[in-house]
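Architecture and fold: a report
The residues making up each chain are set out below.
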Amino acid sequence: MKQKRILTIQDYSCLGRCSLTVALPVISACGIECVGIPTAVLSNHTAGFASWTYADLTEYLLPTVDHWQDYNHEFDAIYTGYLGTDQISIVLEIIHRLAKEGTTVLVDPAFADSGKLYPGFDHRHVEMMKRLVGESDIVVPNLTEACFLLGKDPEGHYGRKDFEGFLIGLTDLGPEEAVLSGLSFDNDEVGCLMYSKKTGRFSSYMTESYRGAYHGTGDLFASSLVAAKVAGFSLEEAVCIAHDFVHLSIGKTLEDKEPDLYYGVEFEKALPALVHAVASKGTKE
């Protein structure tokens, strides 16, 4: 059987577990070829560090794709993460050129958290991201990103019915499936709520909550989810696999007496469990 292949388009932060430094090992560990187009190279991630270097690679994006098209490379999925505002229109062109029938397009908006936009982003970025979401099959925002995409108050207080309305609103932008991650319906649990436009079905998956904020977990979630989807799991199954992987990664990190959370969670210690979960697809068929 031909090996599956996922293209991911996002930045490469050399130090700190996020973006491509997460996507490449996580997807590869699942037995899927991970092809990356770096949109920028940073000395380190931008959360928790006072400064960083930045090399913009926008001018290399389309020439890379031009070269690939000479060889007719095909991708089972295209997964986008953190992007600069002016890169979104280029990524849209890349998707139009490379996505074939059966290619899954997953968009992780990656532009806001904790009620605020990331530094350097503004209303124009949100509007451009709406266009990208409109070309996706699956969108996986956190609650803050969903609020910005839908014109809701990102610092408002919402309940499950509100979240269900958000998911419908997200699929109205274009994708068939939407997932809200990092939700809590009480203080003891955290998890995901998902929706399929085709079936009209909502479902949730919750586990024990770890207190605190953990850098890079959104990238871990999106990377493992797209890998599980390409491996053949349903959305509900893939969300459970991805959430369990993130949850275990945080747990493994907190086993350290003095975890240094600036560098992200120690997902490497949880990879065997993810590999086992994804490999179980072959044992069921």
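In this report, we go over the structure that sits alongside the text.

Criteria and thresholds
Residues numbered from 1 in each chain as written. Predicted model: local features only at pLDDT ≥ 70, side-chain atom pairs only at ≥ 80, totals over all residues. Heavy atoms only, no water. Helix = DSSP H or I, 4+ residues; strand = E, 2+ residues; numbered from the N terminus. Buried < 20%, exposed > 50% of the residue type's maximum accessible area, 1.4 Å probe, protein only. Contact = heavy atoms within 4.5 Å. Areas by Shrake-Rupley, 256 points an atom, 1.4 Å probe, with all protein chains shown as cover. Lys, Arg positive; Asp, Glu negative; His and termini not counted. Charge placed at Lys NZ, Arg CZ, Asp CG, Glu CD. Phe/Tyr/Trp six-rings, centres within 6.5 Å; stacked < 30°, edge-to-face > 60°. Salt bridge = Lys/Arg side-chain N within 4 Å of Asp/Glu carboxyl O. Disulfide = S-S within 2.5 Å. Patch = residues over 30% accessible without salt bridge, like charges linked within 9 Å, V, L, I, M, F, W, Y side chains within 5 Å.

Scanning the protein chain from terminus to terminus reveals 9 helices and 11 strands. Seen along its three principal axes, the alpha-carbon backbone of the protein chain occupies a region of about 55 × 45 × 45 Å. Sorting the 285 residues of the protein chain into buried and exposed places 49% on the buried side. Long-range contacts, defined here as pairs at least 24 residues apart, represent 66% of the contacts in the protein chain between residues at least 6 apart. As presented, the protein chain carries roughly 13200 Å² of accessible surface, and 50% of it is formed by carbon and sulfur atoms. Side chains of the protein chain give 23 positive and 40 negative charges; the mean places of these two sets differ by 4 Å.

Attention shifts here to the environment of Asp76. You can see Asp76 is positioned in the loop between helix H2 (58-69) and strand S4 (77-80). Note: C-alpha distance between Asp76 and Thr104 (28 residues apart in sequence) is 6.3 Å. Leaving out residues up to four positions away in the same chain, Asp76 has contacts with Gln3, Lys4, Arg5, Gly102, Thr103, Thr104 and Val230.

Once that is clear, we can look at the packing of aromatic side chains. The full count for this structure, using the stated rule, is 8 aromatic pairs. Seen from their ring centres, Tyr158 and Phe166 are 5.0 Å apart, and the 70 degrees between their planes marks the pair as edge-to-face. Here the aromatic cluster, defined as three or more aromatic residues joined through ring pairs, consists of Tyr158, Phe163, Phe166 and Phe185.

You will see that Ser19, though not glycine, has its phi angle at about 50 degrees, which is positive. Note that Ser19 resides in helix H1 (residues 19-29). A residue is classified by how much of its surface remains accessible, and Ser19, at 4% relative accessible area, is buried. Its identity is not glycine, yet Ser114 carries a phi of approximately 55 degrees, on the positive side. Along the chain, Ser114 falls in the loop between strand S6 (112-113) and strand S7 (116-117).

In the structure shown here, the tally under the stated rule is 13 salt bridges. In this structure, the salt-bridge partner of Arg17 is Glu268, at a minimum N-O distance of 2.9 Å. Here Glu268 lies in the loop between helix H8 (235-254) and helix H9 (271-284) and Arg17 lies in the loop between strand S1 (5-13) and H1, a separation of 251 residues in the sequence. On the basis of relative accessibility, which here comes to 23%, the residue Arg17 falls in the partly exposed class. Between Arg97 and Glu93 there is a salt bridge; the shortest N-O distance is 3.2 Å. A residue pair is termed a helical-turn pair when its members lie 3 or 4 positions apart in one helix, as Arg97 and Glu93 do in helix H3 (residues 88-98) at 4 residues. Each of Asp66, Glu93 and Arg97 takes part in salt bridges that share partners, so that together they form one network.

We now examine the state of the cysteines. Here the structure, examined in full by the defined rule, presents 0 disulfides. Cys192 takes part in no disulfide bond, and the closest cysteine sulfur, belonging to Cys240, lies 8.2 Å away.

A contiguous patch of negative charge, built from Asp186, Asp188, Glu189 and Glu208, is present on the exposed surface. Inspection of the secondary structure puts Glu189 in strand S10 (residues 189-196). Accessibility expressed as a relative area gives 34% for Glu189, which makes it partly exposed.

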